Amino acid sequence: MDTEAGMPVRRDDDEPSLRSRWLGQRFRELREDLGLTLRFVAGHVGVEFADLAACERGQRRLLKSETVKALLDLYRVFEQAERDHLLRLARDAFRLPRWEGNFDGPDLDTSMLDYLWLESVAERVRCYSATLIPELVRTPAYVESVVRREFESAASDAQMAWWVQTYHDRQTFNGGPPIEVRAVVAESVLRRSVDGAGRTLPEQLEYLAKTADARRTQVRVLPAAARYVPGSDGSFTLFDLPAPYPRLAACTSHAHGLAVHDERTAEQYAHVFDRLCAAALDPTESASLISRLATDPTT
């Protein structure tokens, strides 16, 4: 969950989330399609005008489930798939109990919560890792080594247990149906130790080699000798989403956390990922290289 940019510790409750922006945008579209004013809608469903206006802007104005259902009725949203989608989006827009409120967990910021939510609803996750092993294929020991370095060894045993369990839950998709994971990993990542003694990496590479050419998970290695692929300067993650969500979202790392992108920018990252796949070894060749590095790092 480090997203290769440090543990997020800041929360800005006034910052619109991707979830709340998508919800507000859809509510505004539905209202405008019917030619209704905000004031009329607010009076009809019994909410404050300012609260409804803020909701459409993606700002933090939590609407009760009954109010959301009343809005969907007024907007004539009776098709069950879209109705369920908007009810879930309204539920998740401002609060994700799975990731918030745990005493041992960090205080995750809005962009990180968006990242975790996107991961939970995606049909496929595609990522390019330039610094660390991709999060969804890490071993517990690798997770612990990374977290301890991020926290400068200050994490308690309870906090460490939370991190390891959290990664495990994400890798097993919280009991939901398995999704596809497609990763491209820079060769230098496979040679980078994350602990002082270098004991963690061989076990991690052995595990990665076993999953590199699996049905659900495929890992490709971008060899050091590969030509530079424009746009691949840093790590990024793509989320392929089911309808009626937007088709694609992307997340990139920066020094203070994450940036979440949709629409045109996400499409640009998808194009970069395709070019990285073309430049990388295929999954079978990648698994072979990873296996060799696991036994002989000088390969």
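All of the points below concern the structure found in this document. Going along each chain's sequence as written, the residues are numbered from 1 onward. Thresholds applied to this predicted model are a pLDDT of at least 70 for local features of residues and 80 or more for the giving and counting of side-chain atom pairs; totals over whole chains, interfaces and linings are not thresholded and use all residues. Here the side-chain values reflect all heavy atoms present in the structure, with hydrogen atoms and water set aside.

**Here we look at the sheet that holds strand 4 (residues 236-240)**
Then step 1. Strand order in the open sheet formed by six strands is 3-2-1-4-5-6, and the pairing between neighbours is mixed. Looking at the sheet topology across the chains shown, the edges are occupied by strand 3 (217-222) and strand 6 (257-262). Geometrically, the sheet is characterised by an average inter-axis angle of 15° between neighbouring strands, direction not taken into account.
Then step 2. Paired strands, in this sense, are two strands between which DSSP finds at least two bridges. Each helix is a run of DSSP H or I of at least 4 residues and each strand a run of E of at least 2, with the numbering of both proceeding from the N terminus. As defined by bridge partners, strand 2 (residues 180-186) adjoins strand 3 across six bridges and the pair is classed as parallel. The partner of Ala 186 across the bridge, within strand 3, is Leu 222.
Then step 3. Packing of helix 6 (residues 110-121) onto the sheet brings it into contact with strand 4, strand 5 (248-254) and strand 6, and relative to strand 6 it is tilted by some 55°. Think of each axis as a best-fit line through the C-alpha atoms, taken over the contacting stretch in the case of a helix, with angles from 0 to 180 degrees between the N-to-C directions. Note on definitions: a residue-residue contact is assigned when non-hydrogen atoms from the two residues lie within 4.5 Å.

**Some thoughts on the pattern of salt bridges**
Then step 1. Any carboxyl oxygen of Asp or Glu that lies within 4 Å of a side-chain nitrogen of Lys or Arg is treated as forming a salt bridge with it. In this structure the tally under the stated criterion is 17 salt bridges.
Then step 2. Ionic pairing is found between Arg 26 and Glu 82, a salt bridge with its closest N-O pair at 2.7 Å. Highlighted residues: Arg 26 in helix 1 (residues 18-33) and Glu 82 in helix 5 (residues 80-92), separated in sequence by 56 residues.
Then step 3. The rule is simple: take the accessible area with a 1.4 Å probe, protein chains only, and divide by the maximum for that residue type; under 20% is buried, over 50% is exposed, in between is partly exposed. Given the relative accessible area of 24%, Arg 26 is considered partly exposed.
Then step 4. Taking the shortest distance from any N to any O, the salt bridge between Arg 88 and Asp 92 comes out at 3.3 Å. Here the residue Arg 88 and the residue Asp 92 both occupy positions in helix 5, the gap between them amounting to four residues, near one helical turn.

**So, the environment of Leu 30**
Then step 1. Summarising the element assignment, Leu 30 is placed in helix 1.
Then step 2. As a C-alpha pair, Leu 30 and Leu 72 span 42 residues in sequence and 8.8 Å in three-dimensional space.
Then step 3. Excluding residues that lie within four positions of it along the chain, Leu 30 makes contacts with Tyr 75, Val 77 and Leu 86.

**Let's talk about the pairing of strand 1 (residues 124-129)**
Within a regular beta strand, the side chains point alternately toward one face of the sheet and then the other, so they alternate between its two faces.
Then step 1. Burial within strand 1 is extensive, with five of its six residues counted as buried.
Then step 2. Relative to strand 2, strand 1 is paired through six bridges, and the arrangement is parallel. Residue pairing for strand 2: Arg 124 is matched across the bridge by Glu 180.
Then step 3. Sheet topology places strand 1 next to strand 4; five bridges connect them, and they run antiparallel. Bridging from a neighbouring strand, Arg 124 pairs with Asp 240 of strand 4.

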